Every structure is written in structure tokens, then in C-alpha cells.
Amino acid sequence: SVKYPARFFDNNVAGAISVLTAAQAANVESFVFSSTCAVYGAPQYTPLDEAHPFAPMSPYGRSKLIVDQMLAELSAYTPFRYISLRYFNAAGADPDGDIGERHQPESHALPLAIHTALGRRSHFSIFGQDYDTADGTAVRDYIHVNDLAAAHVAAINALTTDRSSQTFNLGAGAGTSVRELVNTVKRLSEREFEVREEARRPGDPPILVANNFKVRAGLNWAPRFSFEDTVRTAIAWHQEHEPRIFGAA
């Protein structure tokens, strides 16, 4: 988003306006929004709760914040109600092996590390080793995609009952550094691979970990998958589907 800011404002802001306008025209009055922890920017304290000040460090985070604010205005002045789920780092794959994470081009840390472990990339890059964290690398909160999906079902159910607009942080509530992620992938895949240390990227906060107390109470939700579960399910999916994805025999 730092490289192509206009694309992100077009997709996230203009696209949301189109969807919300169509929803209102069709008398849809309930909405679940995929927001992001990137609205907070560099944390003033951790773990991050929903009261943390907004200071997005990237056009992506700012575009999502604008939509959050649009939803609040609609809810204040019309019958429209919403639940905004501020994702932390969605990751992992369905344990049954049917659905996994695939982007073209891939930009997420966990699948990139797995691609490298499986020999599909020459190396894995760690961007920044001088953050104020335990091992100097950025720390993120990885939430398993099935836990994320369960929270959406809970959000829909909540909107059909009490009809109050709310915002929830959606994370596992535990931080994992990039170096810890790499070591976990190596251990669970039983494969070594090259890791290169590179400069920080613009727009990357040092640490993003959720305080998920509000979503636990408000939606009666709790994460079921550990970080190791997340990595293990992702490795299994990529091992099964990688040949087809990359066109190998």
C-alpha cells in the first residue's frame, strides 16, 4: 500500500462506499466488516485494546480506518448496524486440508517461509532486526483462519439479536516474532532453509498483539488453535497443494 496507495483507497474506500450504498438500497441493515489492527499504527502500549488511539502507518491502515469511521456515521444516523472485526494476522489452513492460503504474488510471512522450506523459494527475508522486541524482529499476533471464521459467525448471530454496533479486536492474544516463526517452520517441516536479514520496510510497526478480552465477552468467542496448530495446518496444506500451485509434476 505504501508503493500503490491509490489502489488501496480505490479498493477499500470507494469499494466500501459502493457496497454500503447498495446494501442500504436493498434495505440491508446489518453488516460485518473486515477491518484491521493496522488502524492503530505503532502501539503506545501492548497488548492493543479497542480504545488504543488511531495512528495508521500505511495507506492500507488509513483506508480501513476511513471505512470504520463511515460505518460509525451510518450507525449513528440510520437504522444501519455493524460489527467491525479488526483482524490481526490471519494464517493457517483448514485442518481437513481442503482450503489454504494462496496469494499471487504471495506477501504473507508464514506461507513465504513454508514456500522456502519446500524449496519453492531461494531464501526467506527478515525485514528489520533492530526493533525493540526480544530478538529484534517484528512481533505479530497470528490467528488461525478457522478461529477467524468462527468469529464472523458469532458476529452475524450477535447482529440478529441485540442489534448494537460494535468493534472487536480479533487476534489470538499472543505474539510471535518473525524469527520465532522461521524457527517453528523449520522445526515442524523438518527442513532447513536460508534466511537473509534485510532493512526494515516502511509502514511496519514493531509489534502488534491483540487484547481480545472484549471479543471473548461480547461474542462468546475464544481461539481454539495455537500458533503451532496454525503452522502445522499450513505446512500440511502447502505440502499437498504446492505442486499444483507451482505447476510441478
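See the structure shown above.
Here's a quick rundown of the structure. (Residues numbered from 1 in each chain as written. Predicted model: local features only at pLDDT ≥ 70, side-chain atom pairs only at ≥ 80, totals over all residues. Heavy atoms only, no water.)

**Observations concerning helix α4 (residues 145–159)**
Move 1: With 15 residues, α4 ought to run about 21 Å at 1.5 Å a step, and its terminal C-alpha atoms sit 21 Å apart, in line with that.
Move 2: Listed in full, the buried residues belonging to α4 are D147, L148, A151, H152, A154, A155, A158 and L159. Taken around the axis of α4, the buried residues stretch over an arc of 165 degrees, which confines them to a single face.
Move 3: Next to the buried residues of α4 lie β1 (30–36), β2 (81–87), β3 (89–91), β6 (142–144) and β7 (166–170). (Helix = DSSP H or I, 4+ residues; strand = E, 2+ residues; numbered from the N terminus. Expected span 1.5 Å × (residues − 1). Buried < 20%, exposed > 50% of the residue type's maximum accessible area, 1.4 Å probe, protein only. Arc of directions from axis to C-beta. Contact = heavy atoms within 4.5 Å.)

**Observations regarding the layout of surface pockets**
Move 1: One number sums up the size of the largest pocket: a volume of about 1,700 Å³.
Move 2: N89, S107, H108, R201 and D204 are, among the 48 residues lining the largest pocket, the residues nearest its centre.
Move 3: Secondary-structure elements contributing two or more residues to the lining of the largest pocket are β1, α2 (59–77), β3, α3 (109–117) and β4 (124–127).
Move 4: When its residues are assigned to classes, the lining of the largest pocket shows 26 nonpolar, 14 polar and eight charged. (1 Å grid on protein atoms, 1.4 Å probe; cavity = no way out; pocket = protein on both sides within 12 Å on 5 of 7 lines; lining within 4 Å. Points joined across faces, edges and corners; volume = space filled by probe spheres on them. Nonpolar A, V, L, I, M, F, W, Y, C, P; charged D, E, K, R; others polar.)

**Brief notes about the sheet that holds strand β5 (residues 139–140)**
Backbone hydrogen bonds hold the strands of a sheet together, and the pairing may be parallel or antiparallel.
Move 1: In spatial order, the strands read β8-β5-β10; together these three strands make up an open sheet with mixed pairing. Every other strand in the sheet has two partners, leaving β8 (176–177) and β10 (207–208) as the edge strands with one partner each.
Move 2: Where β5 meets β8, two bridges bridge the pair, whose relative direction is antiparallel. Bridged to V139 within β8 is S177. (Pairing = 2+ DSSP bridges.)

**Observations concerning the packing of aromatic side chains**
How two aromatic rings sit relative to each other is given by the distance of their centres and the angle of their planes.
Move 1: Going through the model one piece at a time under the given rule, you end up with four aromatic pairs.
Move 2: Relative to F54, the ring of Y40 has its centre 6.1 Å away and its plane inclined at 15 degrees; by these criteria the two rings are stacked. Here F54 lies in the loop between β1 and α2 and Y40 lies in the loop between β1 and α2, a separation of 14 residues in the sequence.
Move 3: According to the relative accessible area criterion, Y40 is buried, its value standing at 0%.
Move 4: Considering the side-chain rings of Y142 and F227, the 5.4 Å spacing of their centres and the 45 degrees angle between planes classify their relative orientation as tilted. Pair noted here: Y142 is in strand β6 and F227 is in helix α7 (residues 227–246), with a separation of 85 residues, a long-range link. For the pair Y142 and F227, one class covers both residues: buried.
Move 5: Note that K186 overlies the ring of F193, its terminal NZ or CZ placed 5.2 Å from the centroid. (Phe/Tyr/Trp six-rings, centres within 6.5 Å; stacked < 30°, edge-to-face > 60°. Lys NZ or Arg CZ within 6 Å of the ring centre and 35° of its normal.)

**Observations regarding the sheet that holds β2**
Move 1: What the three strands build is an open sheet, ordered β1-β2-β7; its pairing is parallel. The open sheet is flanked by β1 and β7, the only strands paired with a single partner. Across the sheet, the mean angle from the axis of one strand to that of its neighbour is 20 degrees, orientation sign disregarded.
Move 2: Strand direction decides the pairing type here: β1 and β2, joined by seven bridges, are parallel. Among the inter-strand pairings, T36 is bridged to a residue of β2, identified as Y87.
Move 3: Contacting β1 and β2, α2 crosses the sheet at an angle of about 155 degrees to β1.
Move 4: Packing against the sheet, α4 makes contact with β1, β2 and β7, and its axis sits at approximately 165 degrees to β2. (Axes fitted to C-alpha atoms, helices over the stretch in contact; angles between N-to-C directions.)

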